[in-house]
Amino acid sequence: ALSRRDALQLATLGVGVALQPSPALAASVVENAASLIGIDDNADIYYPDEFLGTWQAVSMLVGMDTPQGSEIVPNSKELDRMEGYV
């Protein structure tokens with residue numbers, strides 16, 4: 001069985017190779033690393049079996065930023081309301 005650390009090292013190797021000019025080689029390395037940890041090479045995203053089931057999640061607004069300024073926000077009242085939660 002491949003440890004999480006080994007899998008991350010393999011993934012890092014794939015990223016390093018991906019920065020090289022050969023896309024075919026990079027794809028081959030990434031596909032090989034993925035297959036070693038049981039990821040289907042056609043999958044867009046992989047979730048471990050431990051993630052199966054029904055989850056309840058809670059979110060909390062901890063900050064808000066308007067990089068282009070609050071003047072461009074179409075509904076300024078909604079922006080003011082959201083700022084009240086921070």
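Bear in mind that the values here come from a model prediction, so they are computed numbers and not experimental data. (Residues numbered from 1 in each chain as written. Predicted model: local features only at pLDDT ≥ 70, side-chain atom pairs only at ≥ 80, totals over all residues. Heavy atoms only, no water.)

In terms of regular secondary structure, the protein chain is built from three helices and zero strands. For the protein chain, the N- to C-terminal ordering of α and β elements is α-α-α. Burial analysis of the protein chain (86 residues in total) assigns 10% to the buried set. By sequence separation, contacts in the protein chain at least 24 residues apart represent 23% of the contacts at least 6 residues apart. Surface exposure of the protein chain reaches about 7700 Å², of which carbon and sulfur atoms provide 56%. (Helix = DSSP H or I, 4+ residues; strand = E, 2+ residues; numbered from the N terminus. Buried < 20%, exposed > 50% of the residue type's maximum accessible area, 1.4 Å probe, protein only. Contact = heavy atoms within 4.5 Å. Areas by Shrake-Rupley, 256 points an atom, 1.4 Å probe, with all protein chains shown as cover.)

Next up on the list: a nonpolar patch on the surface. A cluster of nonpolar side chains, I45, Y47, F51 and W55, forms an exposed patch at the surface whose accessible area comes to about 520 Å². A relative accessible area of 46% means that F51 is categorised as partly exposed. (Patch = residues over 30% accessible without salt bridge, like charges linked within 9 Å, V, L, I, M, F, W, Y side chains within 5 Å. Salt bridge = Lys/Arg side-chain N within 4 Å of Asp/Glu carboxyl O.)

So, on to the confidence of the model for the protein chain. Taken residue by residue, the protein chain gives an average pLDDT of 74. The fraction at 70 or more is 72%. For the protein chain, per-element mean pLDDT is lowest for helix 1 (residues 4-18), which scores 64, and highest for helix 3 (residues 76-83), which scores 82. (pLDDT = per-residue confidence, 0-100.)

What follows concerns the environment of E83. Relative to the assigned elements, E83 resides in helix 3. In this structure, the C-alpha to C-alpha distance between E83 and L61, residues 22 residues apart in sequence, is 9.2 Å.

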